[in-house]
Amino acid sequence: MFKTDVQKLRNALEFTRVYKENANDIYLREAACMDFQLRHILVPMDENDGIAGRYEHDFVGFSSQVGGIYTYYFNEHEFLNAYMACKQNGEITAAEDYALQAVQAYWHEENTARKVELEFSKRYGYVPPKAFAGAGVGNCDCRVAGTNLDFEKLIRLGFDGLDQEIDRAAEVNGASSFYTALKLWIESLRGACERYREQALELAEKAETEEAKTRFTKLAEALLNIQHSTPKTFLEGVQLMWIYAVSSDIMNYSRMDDYLGPLYAADIDAGRITEEEAVQTVLYLYKHFKEINKIHDCRVIIGGVGRKHQKEADRLAIVIMEASRRFRETVPQLTLRYYSDMDETVFRKAMDVNAEGTTFPIIYSDETNVPAVEKVFGVSHEEAEQYVPFGCGEYVMVGYSVGTPNNGINALKALEIALHNGLDFYQNVPCGEKTGDPAQFDTFEKLYDAVLAQLKPTIDRFAVHKYLNYKIAGENAPYLHLSLLLNDCIARGKATFEGGVRYLNASSEMFGIISCADSLTAIKTLVYDEKKLTLPELIDVLDHDFEGHDDIRRMCLSAPKYGNDDDTADDIATRLFTDIADLTMAAGKAAGLDHYNIVSVNNSMSAEWGNFCAASACGRKAGSPMANANGASIGADKCGITALLNSMSKFDNTKHVGVINNVRFTKELFKGSMDKVEAVLKAFYDNDGVQTNLCVIGKDDLENAMVHPENYQNLLVRIGGFSARFVTLNPVVQREIIERTTYGA
């Protein structure tokens, strides 16, 4: 902690003053608020830094995602705790006491998320749950997450070049406070560089070693140069990108190998740096990633088609992967985009790094994703080539689109509610649609339709919530940090959410699709096809968590399962996936979004939300984890890695904007037969496979880590859309991971 609570409280008073004084112009207000914020949230470097830029957010401020979740935020609980403690300790004056009470009352209503809540509740009569507590099929929240900015433009033009682009646009469109605010934002960034330059010089003066003195001297020079010139060295490029990102609360870093590759290659070729020095520079950047530790985001993208500097980018990609190999942390989520004629050296490096158990890089297939993105978003091939996964695996296009995922929907819970005519059985709460007495579902199609009927109202309302999330953000703030580096905003003279961004997209995180599908397959098989049970009989068994009915559970477990290249199970999985996707897309159009699509990713919710689900017909016991993302139900994939990958490749990739495929190998197989593993993976990528999260773990490591966590502090596992240290996880999540299939020799 760099600031005391009383300092944060006083910052809240001053931020509120700046906000109110500029209330008549949302553009100039944001510029003024951000200038104040950067002077107070950017905290000093430490003696181990090699790149400048660290932050500690205040109780009140502006943020798109992390600092306060959404636009003008108010961390009220933290504010009140600090206020009470400081008042009790006599650290605030009587005048400050009165003013802070006024600030609390003001921001309780004025914070932007509150405005979205009120607008939504006017339409539907309730505020949607922010955290999933079991009852119902999902939750939603406010934020503007995952936008990947055009950092190549930032590196190419620099601050002065961006100023000039704004001036040219103003000559065409006319002067405006939007353009003025953008230039003020740039000036605030220059100010941040200058303040860090002064710190770097002080640290150089105090340095006790020649290495530290040289490091901070070079950093001070870089911070001076980038204030007005385009970056000329790799260090300057990294520093320019990072000062922008950390000042903006940006959590995803686009195609880093492409926009920094030419600077790296020029430095290497001129003998200004060595490869080892470049690795160290990347590690200094990674140090900041870890300090923020946003494990559900922090994507660095390398590889792929559509790069402007492919050869230089591939050279830097090797360096970035080497840094991740040494760093061995949960961030960044290093992601490699594979394509069939890519440099084999790059792909083999990715395999070697994964072989060491880093869980990175995640590998995505351009062979599958580029044409799919082109169709699902209705964009040009050139635009589709700029797709990137962010966060847990959702897609946006660098510089062209927003696509924040602010909700989660539980398909398995929808089935549970359909089987109880609108009742959440596990929570004993009526919260769904009255879709009929299950005893009257005399055909499988009637049951299937009831599940979709449980999902549709939530999907429709959450789409409206997404639209309001953008609409109200735009009414309250231009999001200058996004508008400056999204390609159309300056030319159009419009802020991001006022028509500036080219594609106003959003995504919906789906959980439990495979568990729901496997359960539907079991019901169809046992009730409707083989008639071994009636539906009410099966429901009664499920309601009692299979107690006294091990024979029926065995039948449920033996029913066809997704993940075995079995068309009976896979057809229902792909059908359910497509139907939910179609409902979501239609809801987005009706709500006013350009595109609204599902993602089947996971941020540990398959395990955590499984806690709130009754037993299911796939054979899963009550409270047990659901299948992870597009992976098989736990232990259900019994026919080998090829069969699993074949099942994973059957989904219509024009219906989603991100799926997660977790595959775990033993170290013995992955290292001992790497050529064979590589061939299998490439075949998957070339034949409609979207991506793989590769987890390489030795035999018994996970079980041993639960017994002796002190010996496994560095054991990394892939949860779904993010990685984590195994020993830090909730035991429920740990057990779900252990029970996944591990493919060995």
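Computed from a prediction, not measured in an experiment: that's the story for all the values here.

1. Remarks on the overall build of the protein
The secondary structure content of the protein amounts to 29 helices and 22 strands. Compactness check: the protein gives a C-alpha radius of gyration of 26 Å against a globular reference of 27 Å for 745 residues, within 12% of the reference. Once the C-alpha set of the protein is aligned to its principal axes, its extents read approximately 80 × 60 × 55 Å. Within the protein, the proportion of its 745 residues that are buried is 62%. In the structure as shown, the protein presents an accessible area of about 26,400 Å², 49% of it carried by carbon and sulfur atoms. When the 77 basic and 108 acidic side-chain charges of the protein are each reduced to a single mean position, those positions are 1 Å apart.

2. Some details on the packing of helix H10 (residues 256-269) against helix H12 (residues 310-327)
For the pair H10 and H12, the least separation of the axes is 7 Å and the interaxial angle reads 90°. For the element pair H10 / H12, the angle class is roughly perpendicular. Contact residues: H10 offers Met256, Asp257, Asp258, Leu260, Gly261, Pro262, Tyr264, Ala265, Ile268 and Asp269, while H12 offers Glu312, Ala313, Arg315, Leu316, Ala317, Val319 and Ile320. Across the contact of H10 with H12, the residue classes break down as 11 nonpolar, one polar and five charged.

3. Brief notes about the packing of H12 against helix H13 (residues 344-355)
Pairs of packed helices are described in terms of their axes, by the angle between the two and the distance that separates them. Contact geometry for H12 and H13: axes closest at 10 Å, N-to-C directions at 5°. Accordingly, the angle class assigned to the pair H12 and H13 is roughly parallel. Where H12 abuts H13, its residues Asp314, Ala317, Ile318, Met321, Glu322 and Arg325 lie against Thr345, Val346, Lys349, Ala350 and Val353. Per-class residue counts for the contact of H12 with H13 are six nonpolar, one polar and four charged.

4. Some points on the pattern of salt bridges
Where charged atoms of side chains with opposite charge meet at close range, the side chains can pair. Across all of its chains, the model carries 60 salt bridges by this definition. The salt bridge involving aspartate 314 is made with arginine 307; its shortest N-O contact spans 2.9 Å. The partner of lysine 349 in a salt bridge is glutamate 322, and the shortest N-O contact between them spans 2.7 Å. Highlighted residues: lysine 349 in helix H13 and glutamate 322 in helix H12, separated in sequence by 27 residues. Of the two residues, lysine 349 and glutamate 322, both sit in the buried class.

5. Comments concerning the nonpolar core
The tendency in soluble globular proteins is for nonpolar side chains to be buried side by side. Counting 252 residues, the largest nonpolar core has Tyr244, Tyr253, Met256, Phe289, Leu484, Leu520 and Ile580 as the members making the most contacts within it. Broken down by element, the residue count for this core peaks at 15 residues, all from helix H17 (residues 444-476). Listed in part, the five residues of the second largest apolar core include Ile301, Val388, Phe390 and Val398.

6. What to know about the environment of leucine 593
Checked against the element boundaries, leucine 593 lands in the loop between helix H23 (567-591) and strand E16 (595-600). C-alpha of leucine 593 to C-alpha of valine 727: the two residues are 134 residues apart in sequence and 41 Å apart in space. Excluding residues within four positions of it along the chain, leucine 593 makes contact with Ala463, Lys466, Tyr467, Tyr470, Leu504, Ala506 and Gly588.

7. Here's the deal with the sheet that holds strand E18 (residues 662-666)
With mixed pairing, the six strands of this open sheet are ordered in space as E6-E7-E8-E19-E18-E22. Across the chains shown, the open sheet's two edge strands, defined by having one partner strand only, are strand E6 (299-303) and strand E22 (742-743).

8. Comments concerning the packing of aromatic side chains
Counting across every chain of the model gives 37 aromatic pairs. Here a set of aromatic residues connected by ring pairs shows up, and it is made of Phe15, Tyr19, Phe36, Phe62, Tyr72, Tyr106, Trp107, Tyr470, Tyr479 and Phe497. Over the ring of phenylalanine 216 we find arginine 215, and its NZ or CZ is 4.9 Å from the ring centre. Positioned over the ring face of phenylalanine 347 is lysine 682, at 4.8 Å from the centre of the ring.

9. Description of the side chain of glutamine 227
With respect to the helices and strands, the residue glutamine 227 is situated in the loop between helix H8 (210-225) and helix H9 (234-248). Engagement of the side chain of glutamine 227 in a polar contact is seen with the backbone oxygen of leucine 223, the distance being 3.2 Å. If near-sequence neighbours (up to four positions away) are discounted, glutamine 227 is found in contact with Phe159, Asp160, Arg190, Cys193, Glu194 and Arg197.

10. A word on the pairing of strand E8 (residues 362-365)
Across the two faces of E8 the burial is the same, with Ile362 and Tyr364 and Ile363 and Ser365 all buried. Where strand E7 (residues 333-338) meets E8, four bridges bridge the pair, whose relative direction is parallel. The partner of leucine 336 across the bridge, within E8, is isoleucine 363. On the question of chirality, the crossover connecting E7 to the parallel E8 by way of H13 is right-handed.

11. Examining empty space enclosed by the protein
One simple way to see leftover space: roll a probe sized like a water molecule over the atoms. Inspection of the entire model under this criterion finds six cavities of 30 Å³ or more. Counted as a void, the largest cavity has a volume near 220 Å³. Counting residues per element, the ones that place at least two in the lining of the largest cavity are helix H25 (641-648), E18, strand E19 (691-697) and helix H29 (731-739). In terms of residue class, the lining of the largest cavity is made up of eight nonpolar, seven polar and five charged. The wall of the second largest cavity is formed by Leu412, Leu415, Glu416, Leu419, His420, Ile539, Leu542, Asp543, Ala614, Ala615, Ser616 and Ala617.

12. Regarding the pairing of E7
With six of six residues buried, E7 is to be regarded as a mostly interior element. Going residue by residue along E7, you find Gln333, Thr335 and Arg337 tucked away on one face and Leu334, Leu336 and Tyr338 tucked away on the opposite face as well. Bridge count for E6 against E7 is five bridges, and the pairing is parallel. Residue pairing in the sheet places glycine 303 in a bridge with arginine 337 of E7. Viewed along the sheet, the connection from E6 through H12 into E7 turns out right-handed.

13. Remarks on the environment of tyrosine 27
Examined against the element boundaries, tyrosine 27 turns out to sit in helix H2 (residues 26-41). Sequence-wise, tyrosine 27 and asparagine 730 are 703 residues apart; in three dimensions their C-alpha atoms are separated by 44 Å. Once you skip the residues sitting within four places of it in the chain, tyrosine 27 turns out to touch Ser177, Phe178, Ala181, Pro478, Leu480, Ala495 and Glu498.

14. Comments concerning unusual backbone geometry
Residue proline 332 is bonded to the preceding valine 331 through a cis peptide linkage, with omega at -5°. Residue phenylalanine 360 is joined to proline 361 through a cis peptide bond whose omega torsion reads -5°. Notably, aspartate 545 is not glycine yet its phi reads approximately 55°, a positive angle. Accessibility expressed as a relative area gives 22% for aspartate 545, which makes it partly exposed.

Calculation criteria
Residues numbered from 1 in each chain as written. Predicted model: local features only at pLDDT ≥ 70, side-chain atom pairs only at ≥ 80, totals over all residues. Heavy atoms only, no water. Helix = DSSP H or I, 4+ residues; strand = E, 2+ residues; numbered from the N terminus. Rg over C-alpha atoms; globule rule 2.2 N^0.38 Å. Buried < 20%, exposed > 50% of the residue type's maximum accessible area, 1.4 Å probe, protein only. Areas by Shrake-Rupley, 256 points an atom, 1.4 Å probe, with all protein chains shown as cover. Lys, Arg positive; Asp, Glu negative; His and termini not counted. Charge placed at Lys NZ, Arg CZ, Asp CG, Glu CD. Axes fitted to C-alpha atoms, helices over the stretch in contact; angles between N-to-C directions. Parallel < 35°, antiparallel > 145°, perpendicular 65-115°, else oblique. Contact = heavy atoms within 4.5 Å. Nonpolar A, V, L, I, M, F, W, Y, C, P; charged D, E, K, R; others polar. Salt bridge = Lys/Arg side-chain N within 4 Å of Asp/Glu carboxyl O. Core = buried A, V, L, I, M, F, W, Y, C linked by side-chain atoms within 4.5 Å. Pairing = 2+ DSSP bridges. Phe/Tyr/Trp six-rings, centres within 6.5 Å; stacked < 30°, edge-to-face > 60°. Lys NZ or Arg CZ within 6 Å of the ring centre and 35° of its normal. Polar contact = N/O pair within 3.5 Å; in protein donor to acceptor, adjacent residues only side chain to side chain. Right-handed = clockwise from strand over helix to strand, strands pointing away. 1 Å grid on protein atoms, 1.4 Å probe; cavity = no way out; pocket = protein on both sides within 12 Å on 5 of 7 lines; lining within 4 Å. Points joined across faces, edges and corners; volume = space filled by probe spheres on them.

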